[in-house]
Structure formats: structure tokens, C-alpha cells
Amino acid sequence: MSQRQSNGIHGPAVELNLDGLVGPTHHYAGLGVGNLASQRHRHKPSNPRAAALEGIAKMRLLHGLGIAQGVLPPQERPLVPALRFLGFAGDDAAVLAAAAREAPELLAACSSPSSMWTANAATVSPAADTADGRLHLTPANLTSQFHRSLEASATMSVLRHIFDDTTKFVVHDPLPSATGFADEGAANHMRLAPSHGVAGIEIFVYGRESEARSAGGQFPARQTLAASQAVARRHGLRSTRTLFLRQSDAAIEAGVFHNDVIATSNEHMLLVHEEAFADGSAALAAIRDSYVAAFGNEPVIIEVPATTVPLSLAVETYLFNSQIVTLPDGGMALVCPQECREHDATSQWLDRVVSGDNPINVVYPVAVRQSMNNGGGPACLRLRVVLSPDDLARVHAGVFVTPPLLDDLETWVKCHYRDRLTLSDLADPSLLAESREAVAECMALLRLPHAACRL
């Protein structure tokens, strides 16, 4: 069967959710500066097997709801070439041993499986929004965090294999690796439109103009305005349908390192905390005015007050890092972390939303605790790609989720993944061998070239 004939999606434009698979070296090194969950679980043992199976279970749920669902492979870790580039010499075992002895923080960074959080993989503009009528993807350079910057070249390579029809898709190079162009991908990008297939309004959220934030805060602002503007220019977006909003300093200091920790959107609906943006109500007014000017009616904006869900609770539960998806039969579902049901305030708010006058009519709590422990909720684990049926048929079919593929991936995880990992294990040459074998087998399952994940 052709690789371009088996995704089974027909009808109007849909949103493909591409989830990242958790890698075999999933660990808690506390690498995420400004990420409170990452810091809180620093140096604790992790369970890579449970982490990967939780992610696969979430994909199975979405696929069962009729959502177009795909999967992105993990990247090879530990990344020995990066360690060699940093001056560690010898065979692989010697490199790992030297890094563990002399710079364990570098070994942890070069072992991070953070490509699992594919909301940071790229910024995506659907064909309906762009000047040339093609889908545009700009892989994020992720330069604000060393361990994440290691992902960019492999992410670009994998995306170019998946979206390889250049008549329909453009996968750009990442932006320059410079402080002023720090780009964190779709985690700082939202889109509003009456439906997925209609030309929409793209909203870029940034934390600083270009250089480091100088307000004296303890946490850095990651996304720059210059990076967001460059992506918008590359994608050929109309200025009248493009907004640039700044994160509030209060949100960043509360642990909102990306906008998707405090706001999310789907079609004509925006879910946002009242303290998300620096300009507060003026930012929401700009969104509303832009939508009305484009479409003649108002979007549905659900603004959650701090008196209902304080910033600290929003970050603890990752309420806003929920996935909001359009169901095939109409209405929307909110896929939230299980933690949202474990706190009275967020659980009661969810009940009010489902019974209220808005598109969300069902809530699905999911357990992704291993990811949550490192600061990544359900929405962190997926990249949203809006595609027409014709364009969807041109996507590499090997990454599309089917029940047999999910079964194979579960078997693959149980065969190759450890159920306990500590930082000291990262120097184990057998872990490197296990990881390389696992990644190679995963690439084969997805019918992708092995070399694409090794850059």
C-alpha cells in the first residue's frame, strides 16, 4: 500500500495532533529553568516505561474520539556527538564516564528526552493563513535552554520527512541561534477561526523584546518578540490577522514559562487566565476586535479569574495545558491532566464549564504524571497541524496512529524501556545501547529513516 493512502481521514479540514513519544532516557535532572515541576522533582527516580505508556494511552484516547492522531519518534539520547563536541574524548563508554565525572549536568542535558514535548517542536501556520497557500512549519531553535537546543536539527529532519511534498508543505530551517531570536515553537502560539479550514487569526505570545528580561525576576522570559515576528514573516501571514501579545511578568514568575501553561485556543474559542498577558483586558480586547473585524461575530472567550483559579494552582494542575479538540459529531472535548480533578477549585470549574454556555461538552482527565513531574501536561505532548483532506493524504502515513500501531508501540516500550532511572544511570553504556536500539526500532515502526533522529 502507498504510504500516502492509509490515514483514513476524509471530509473538511482537520487538526492533526502529532504526539511526541517519551524517550528511554526520561529522567528528572531539573533542567527546566522557571519550570516549577521540573525543579520540584529534581534528582528523583523516574519511570521511563510508565512515561511512554501514559503518552500512548493518551494517543489511544484521542484516536478513539475520532481525532486525527499521529506520533513523532524520540531522538537518540544520550547524544554522544554533543558531548564529544564539548571536549569529552574516547569511545562512547569513556565519553559517558568522563562527562559523569567532570560535568554531570552536561551529561544530563545531553541525555534529556525533551523532544517528547512536541508543542515546542515548531510553529505551524495552516495553508489557509499563508500567502503562498502552503502549510508552513518553522522548527523551534529552543536556544533559551541548552538541553532543548540540541533537538532542533533532528526535529527539522523528521518534519521534512513527514511533510516532504514541497508543493504543499514548507519546513523552514530554525531561526538563528542568537539570544534575540529565542524561539519556543507552538507553545507560544495560538490560532482562532470559525473552523479549522477557514483563514484564521494567529496569536504569538512572547516574554521579552529581544535581550534578556531585565525586570529583576528570578525566572527568564524565553520567547522573544523578534523571533515571533520573524516566524510570521516567513509564513507569509497577513498583518491584519496576526497579533503579538506579551506574557505578564507575574505569570512568568509563577512558573508560566510558556503561554500554553496559561492559555489555549481551539477554533473560535479561547481559554485564558486573567493574568496571562501583560496588557490584561486590553490584550483580550485586541483579540476580540481582530476576530470581529475578520469574521463579523465574536469569539468565545472563557477568562478564568484568579479568585477562582490562582496562578499557583493553574501551574500546579496545568489546567490550561489541556487539549481542546473538536469532536467529529460537533462540540468540543477538553483533555486535561488528572491533577485537575484532584483539586476542588479546578474540578468544580471544569463542572461549570461543561454545564455552561460554551462549546465544551465533555472533559476527559488523563494520567500523564511522569511528564507532569517534569513540567509537561497533555498539550505539551502534541503539535497541532491543521490540514485539508488532500494535504493530509500527502503526509507520511507511517506516523498516523492506528490501533495496531499503538499495540506495537506498547510492546516496543515494554521490551526496551526501564521502569526506574536515576541520574547515575545516564553514564551506563548499556543504557546508551538500549536507547539506540529502541530508537532504531521505533523509526522502523514509523517507516522513517533512522538517520533522521540522530542529527
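Residues numbered from 1 in each chain as written. Predicted model: local features only at pLDDT ≥ 70, side-chain atom pairs only at ≥ 80, totals over all residues. Heavy atoms only, no water.

Draft legend 1. Representation of the pairing of strand β3 (residues 122-125). Side chains Ala-122 and Val-124 project from β3 onto one buried face, and the interleaved Thr-123 and Ser-125 project onto a second face that is buried too. As defined by bridge partners, β3 adjoins strand β4 (residues 135-139) across four bridges and the pair is classed as antiparallel. Paired with Thr-123 across the strands is Thr-138, a residue of β4. (Buried < 20%, exposed > 50% of the residue type's maximum accessible area, 1.4 Å probe, protein only. Helix = DSSP H or I, 4+ residues; strand = E, 2+ residues; numbered from the N terminus. Pairing = 2+ DSSP bridges.)

Draft legend 2. Region of interest: the sheet that holds strand β14 (residues 360-366). Here three strands make up an open sheet; going across it, the order is β12-β13-β14 and the pairing mixed. Both edges of this open sheet fall to β12 (323-326) and β14, since each of them pairs with a single strand only. In this sheet, adjacent strand axes meet at a mean angle of 25° when their direction is disregarded. One ladder, built from four bridges, connects β12 with strand β13 (residues 332-337); its direction is antiparallel. Directly across from Val-325, in β13, lies its bridge partner Ala-333. Each of β13 and β14 touches helix α12 (residues 344-355); the most contacted strand, β14, lies at about 150° to it. (Axes fitted to C-alpha atoms, helices over the stretch in contact; angles between N-to-C directions. Contact = heavy atoms within 4.5 Å.)

Draft legend 3. Region of interest: the pairing of strand β11 (residues 300-304). Of the strand pairs in this sheet, strand β10 (residues 269-273) and β11 are connected by five bridges, and their pairing is parallel. Its bridge partner lying in β11, Leu-270 is registered against Ile-301. As for the winding sense of the linkage, the β-α-β connection from β10 through helix α10 (residues 281-295) to β11 is right-handed. (Right-handed = clockwise from strand over helix to strand, strands pointing away.)

Draft legend 4. Structural view of the nonpolar core. By size, the foremost hydrophobic cluster in this structure holds 98 residues, and its most contacted members are Phe-163, Ile-203, Phe-277, Ile-287 and Val-385. With near-sequence residues (within four places) excluded, Ile-203 lies in contact with Asn-188, His-189, Met-190, Leu-192, Leu-243, Leu-245 and Ile-287. In terms of nonpolar packing, the next biggest core, distinct from the first, is built from 19 residues, Ala-82, Leu-83, Leu-421 and Leu-432 among them. (Core = buried A, V, L, I, M, F, W, Y, C linked by side-chain atoms within 4.5 Å.)

Draft legend 5. Here's a closer look at helix α7 (residues 152-162). Within α7, eight of the eleven residues are buried, leaving the element largely enclosed by the surrounding structure. Residues Ala-152, Ala-154, Thr-155, Met-156, Ser-157, Val-158, Leu-159 and Ile-162 constitute the buried set of α7. Taken together, the buried residues of α7 touch β2 (69-72), β3, β4, α6 (146-149) and β5 (169-171).

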